[in-house]
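Analysis of the macromolecular model
Letter by letter, the chains look like this.
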Amino acid sequence: MTKVAIIGAGAVGAAIAYAAQIRGVCRQLALYDLNPQKVRAEVLDLNHGMQFTPMAQITGGDDLEVCRDADVVVITAGAKQHPGQTRLDLAAANVEMCRTLVPRLVDLAPAAHLLVVTNPVDVVTMAALKFSGLPANRVFGSGTVLDSSRLRFLIAQHTGVAVQNVHAYIAGEHGDSEVPLWSTATIGGIPVTDWDGANGRLDAATRTAIHERVVGAAYEIIAGKGATSLAIGLAVSRILEAVLKDENRVLPVSSMLDDVHGIGGVCLSMPSVVGRDGVEAVLPTPLGAGESDALHASAGAVAAVAKDLGL
Ligand code: NAD
């Protein structure tokens, strides 16, 4: 029986639970939060919709015991961005949270994969990896899965093609230094750089504007509604399905790189094969002019924060 535990029943944790319930990702879903009223309310609200979704057992509380024997533990707890804050501003508090939380989770669910969503996700994934002692394939972050779907949405909007037929990845940090991999992006097999449709080409200026909108997306949503939640709920649900259904999906999750384009010792997103063993391979997706330098710079930004925090 597959079990997912979600740490943190805030905007993001609740949205992940809701998406996972609707998509029938697992048979058991457990929510844990320090705030007993909040987690109880979310569990009740989810259970009241069960008639209309695939069957699952949804439980939760403020006792970490609810996570026992989970197959995947999703970490969403912690400080979140307030208007004007970058993701890296949250690093110290959320890394400290992992220092006590993660070893307890490993004791309770020794076979689990840890899927980190808490920001700054690359740095917090490094902390979870270090404090868990688990092998690198079992500790990964949602990384740029959400950023890549934002990128695809904007390309789809510009070209008038369904988002599902756009293949494009953002690599690097889930944050301001992230890198759109334009050189390998395609629409129906056509490189986006060759695309010439009714709305015109995806020329350098258009690509820059799209990249800027992806980077600014979270700031725009946080200013408007206080948190990004619905799309990350679906994105994490997709990652959970890839693991629990052993799908071997290519997803740009964040994991500890070991000499990928010369980058190692830092958690960062690259297109990766995700299945029952977690991150089964990090793909050496070719990088175009400028992309390699940008990826190294992104790795440097994450590594500097991690180093400051002793990771
Ligand atoms: P939120 O404030 O709504 O929820 C956080 C929850 O964590 C709260 O309910 C709080 O009680 C709980 N909490 C805090 N410390 C805890 C602990 N030690 N143990 C258990 N529960 C604890 O925040 P949110 O909007 O849900 O965002 C959560 C995190 O997800 C933030 O760090 C945010 O930046 C991040 N996030 C990541 C992505 C991504 O793509 N990786 C996208 C959106 C948000």
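Look a little higher up for the structure.
The model shown is predicted, which means the values in this text are computed figures rather than measured ones. (Residues numbered from 1 in each chain as written. Predicted model: local features only at pLDDT ≥ 70, side-chain atom pairs only at ≥ 80, totals over all residues. Heavy atoms only, no water.)

Overview of the site of the ligand
If you check the shell around the ligand, you find 24 residues, and the closest are Val 12, Asp 33, Ala 79, Val 117 and Asn 119. At 2.6 Å, a side-chain N or O of Asp 33 approaches an oxygen atom of the ligand. With respect to the ligand, the side chain of His 174 contributes an N or O atom lying 3.2 Å from an oxygen atom. When the free accessible area of the ligand is taken as 870 Å², the share hidden by the protein chains comes to 85%. When contributions to the shell around the ligand are tallied by element, the ones reaching two or more residues are helix H1 (11-23) and helix H3 (91-108). (Near = heavy atom within 4 Å. Polar contact = N/O pair within 3.5 Å; in protein donor to acceptor, adjacent residues only side chain to side chain. Areas by Shrake-Rupley, 256 points an atom, 1.4 Å probe, with all protein chains shown as cover. Helix = DSSP H or I, 4+ residues; strand = E, 2+ residues; numbered from the N terminus.)

Digging into helix H4 (residues 121-132)
Note: α-helices contain 3.6 residues per turn, so residues at a spacing of three or four share the same orientation. For H4, spanning 12 residues, the distance from its first C-alpha to its last is 16 Å, which sits close to the expected 16 Å at 1.5 Å a residue. The element H4 is largely enclosed, with a buried count of 11 among its 12 residues. Along H4, the positions that sit buried rather than exposed are Val 121, Asp 122, Val 123, Val 124, Thr 125, Met 126, Ala 127, Ala 128, Leu 129, Phe 131 and Ser 132. Where the residues of H4 are buried, they touch H3, strand S5 (113-116), strand S6 (139-141), strand S15 (254-256), strand S16 (267-269) and helix H8 (291-308). Taken from the residues just after H4, Gly 133 is the one with a positive phi, measuring 70°. (Expected span 1.5 Å × (residues − 1). Buried < 20%, exposed > 50% of the residue type's maximum accessible area, 1.4 Å probe, protein only. Contact = heavy atoms within 4.5 Å.)

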